[in-house]
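A look at the structure
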Amino acid sequence: MAAKIIDGKAISVSYRAEISEDTAKFKEKYGFAPGLAVVIVGEDPASKVYVRNKKLGCEQVGFNSAVYELPENTTKDELNALIDKLNADKSVHGILVQLPLPKHLDSEEVIARISPEKDVDAFHESNVGRIMIGNYSFLPCTPAGVMVLLEKSGIDISGKECVVIGRSNIVGKPMAMLLLQANGTVTVCHSRTKDLAEVTRRADILVVAIGKADFVTADMVKPGAVVIDVGMNRRADGKLTGDVDFESVSEVASYITPVPGGVGPMTITMLLKNTLVAAENFAKK
Ligand code: GUN
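Calculation rules
- Residues numbered from 1 in each chain as written.
- Predicted model: local features only at pLDDT ≥ 70, side-chain atom pairs only at ≥ 80, totals over all residues.
- Heavy atoms only, no water.
- Pairing = 2+ DSSP bridges.
- Helix = DSSP H or I, 4+ residues; strand = E, 2+ residues; numbered from the N terminus.
- Contact = heavy atoms within 4.5 Å.
- Axes fitted to C-alpha atoms, helices over the stretch in contact; angles between N-to-C directions.
- Expected span 1.5 Å × (residues − 1).
- Polar contact = N/O pair within 3.5 Å; in protein donor to acceptor, adjacent residues only side chain to side chain.
- Near = heavy atom within 4 Å.
- Areas by Shrake-Rupley, 256 points an atom, 1.4 Å probe, with all protein chains shown as cover.
- Salt bridge = Lys/Arg side-chain N within 4 Å of Asp/Glu carboxyl O.
- Buried < 20%, exposed > 50% of the residue type's maximum accessible area, 1.4 Å probe, protein only.

Focus on the sheet that holds strand β1 (residues 4-5)
Across the sheet, six strands lie side by side as β1-β11-β8-β7-β5-β6; this open sheet has parallel pairing. The open sheet terminates on both sides in strands that have one partner only, identified here as β1 and β6 (185-189). Bridge count for strand β7 (residues 205-208) against strand β8 (residues 226-229) is four bridges, and the pairing is parallel. By the bridge assignment for β8, Leu206 is matched with Val227. Where helix α7 (residues 172-181) meets the sheet, it contacts β5 (161-165), β6 and β7, and its direction lies at approximately 170 degrees from that of β5.

Regarding helix α1 (residues 8-30)
In an α-helix there are 3.6 residues to a turn, and that puts residues three or four apart on one side. A rise of 1.5 Å per residue sets the reference length of α1, with its 23 residues, at 33 Å; its end C-alpha atoms lie 32 Å apart and thus fit the reference within 8%. At its buried positions, α1 is contacted by α2 (45-61), α6 (141-152) and α10 (264-284). Where α1 begins, the side chain of Asp7 points an oxygen toward the backbone nitrogen of Lys9, at a separation of 3.1 Å.

Remarks on the site of the ligand
Lining the immediate surroundings of the ligand are Leu96, Val97, Gln98, Leu99, Asp121 and Phe123. Here a nitrogen atom of the ligand and a backbone polar atom of Val97 are 2.8 Å apart. At a separation of 2.7 Å, a nitrogen atom of the ligand approaches a polar side-chain atom of Asp121. Within the complex, the protein chains bury 79% of what would otherwise be the 280 Å² of accessible surface of the ligand.

Section: the pattern of salt bridges
Enumeration over the complete set of coordinates arrives at eight salt bridges. For the salt bridge of Lys55 with Glu59, the shortest nitrogen-to-oxygen distance reads 3.0 Å. Placement of both Lys55 and Glu59 in helix α2 is noted, with a separation of four residues, approximately one turn of the helix. The class of Lys55 is partly exposed, set by a relative accessible area of 30%. Between Asp214 and Arg235 there is a salt bridge, and its shortest N-O distance comes to 3.5 Å. Remark: Arg235 occurs in the loop between β9 (233-234) and β10 (240-241) and Asp214 occurs in the loop between β7 and β8; sequence separation between them is 21 residues. The partly exposed category is assigned to Arg235, whose relative accessible area is 35%.

Geometric values such as these leave the question of function open.
If you want it as structure tokens, here you go:
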């Protein structure tokens, strides 16, 4: 069986077009544009690319955006002062501090300082708690993007065996929660899971977010399963690859996301959606 490819690029393009339309209506109604502030500390090249793409995404849908590029040796007090300023700025509706931060800065403390109403990453503990009880404004961008890919591909989650590999705060844990809220039967696997392949072979929907190139092979996948690859790894030859061995797994799965062009394009799209929601919440206050 050759799996159907879930085209994250195409789904992202049409979802962004919807956000653009909603933004135009927002501006007409309220007389101002949604605003996103992105903070980057240091010179990490991958982070710089992500930040540039976030800014471009904002321009594309009609938001205001500002990027604050701080030097590697920025102190905790200096970063806190900037976050306080952005928290108080009425033209800023979303604040994103690009991770990872340099080692001398504590990312948990930094995230906790962002006003939860402006935390468009949904990393603040109050937003994480709201996701647990199903009463949220924002969802973390990557798992939210996966849910949109499943929905737009017509894949029903209710009653399905869902297996998530990876338990990070950014992807694995919130992903499990969203699948649970969609009435999936959810198992979370991690580095201490015994007989991983035995568990993954039970999955109707398998989401892989572990950061190991080509880790999931065809023998770990039930024929007909939906396989979502959140991984983004660079091979020795410089090529991008996911956590799933696409070549073999696409022979057994019913649906599969490619890397690149699967989950990746959705992440910034969901950030834009969260920023629009934050601006709407601000405008309605
Ligand atoms: N670094 C890698 N992914 C992300 C993300 O989604 N948000 C932030 N703030 N930093 C990241």
